[in-house]
Amino acid sequence: MNFAELFNRTGLIGAHRGARSIAPENTLRALKVSVGHCDFMEVDVQLSSDGVAIIMHDDTLERTTNVNEIEEYKNREPYNVSDFSFKELSSLDYGSWFDGKFEPLLTLSEALQFIKENRVFLNIEIKDMHKSFSDEQVVLLVLKEVEEWNVEELVMFSSFRHEYLPLCKERLPDVITAALVEDTHPNNLMEYLKSLHVDGYHMNDELADKESVQKLRLAGFFVNVYTVNDPFRAQELFEMGVNGIFSDFLE
Ligand code: G3P
Ligand code: MG
């Protein structure tokens, strides 16, 4: 089964940033503990200042690394990820903030190697990097890793920066993509999604209601909702026809 076929189903659980309630988010440890406990995993990808694709959610480093404990980086506030080179990012600890245990940087390349070896599906959320890189540069640098590992069937791309999505399809026509939204649905939603050439729609739980979910499903889009940590709400969403939810908690 490839990733697209998975979305013929409902009741799917996506491990949000890996299993972020039981392991430091967006690390290899988080991916490892999710295996066998979810239908797919989700990570956030960004680029280092020198263009290496790395796994990290926040735009800045202080919440999920030890950057502000390192003398050498004292004058680098606000610790933007995009201001740090790959070498510098590799020198940080991504686990101790969570449970006192060191965890190294996870690169996109390492995450792809992991999913290939374990045959698991991965949603790669491409963070909005338009302030530092052109849309074409971002898509090129991220997608070339997927091509190198030959894992097109195991990945899905999503982004709040919708400009990336048609570029992904242009380069890898068979890969699945989804538009992410947070506060409001775009105008003329179905037409808009068709213009982006996406396969799916990822919306914030606050936007999810029966009418919008049914319209999207009828128009042929799969629908996933984030972030859902309440099993009763998850059930309600699945009954509306939602395909999957992103959750911090796995069974
Ligand atoms: O991709 C779903 C979800 O991860 C989007 O929100 O901020 O957790 O990346 P965020
Ligand atoms: Mg995300």
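Look a little higher up for the structure.
Residues numbered from 1 in each chain as written. Chains lettered and ligands numbered in written order. Predicted model: local features only at pLDDT ≥ 70, side-chain atom pairs only at ≥ 80, totals over all residues. Heavy atoms only, no water.

### Section: the coordination of the magnesium ion (ligand 2)
Operational definition: The rule for donors is simple: N, O or S, within 2.8 Å of the metal, or within 3.2 Å if the metal is Na, K or Ca. Water isn't counted, so a site may look like it is missing partners. Note on conventions: DSSP H or I runs of at least 4 residues are helices, E runs of at least 2 residues are strands, and numbering of each starts at the N terminus. Each residue's exposure class comes from its accessible area (1.4 Å probe, protein chains only) as a fraction of the maximum for that residue type: buried when under 20%, exposed when over 50%, partly exposed otherwise.
Taken together, Glu42 (OE), Asp44 (OD) and Glu125 (OE) make up the protein donors of the magnesium ion (ligand 2), found 2.0 to 2.2 Å from the metal. Within one chain, the residues serving as donors to the magnesium ion (ligand 2) are arranged as E-x1-D-x80-E. In this pair, Asp44 sits in strand 2 (residues 40-47) while Glu125 sits in strand 4 (residues 122-126), placing the two residues 81 residues apart along the sequence. Comparing Asp44 with Glu125 shows no difference in burial state: the two are buried.

### Describing the pattern of salt bridges
Applicable threshold: Any Lys or Arg side-chain nitrogen located within 4 Å of an Asp or Glu carboxyl oxygen qualifies as a salt bridge.
Enumeration over the complete set of coordinates arrives at 18 salt bridges. In this structure, Arg29 engages Asp99 in a salt bridge whose closest nitrogen and oxygen atoms are separated by 2.9 Å. On the criterion of sequence distance, the pair formed by Arg29 in helix 2 (residues 28-34) and Asp99 in helix 4 (residues 96-99) is long-range, its members being 70 residues apart. Note that Glu211 is salt-bridged to Lys215, the shortest N-O span being 3.2 Å. Taken together, the residues Glu211 and Lys215, both in helix 9 (residues 210-218) and 4 residues apart, mark about one turn of the helix. Take Lys215: its relative accessible area is 48%, and that puts it in the partly exposed class.

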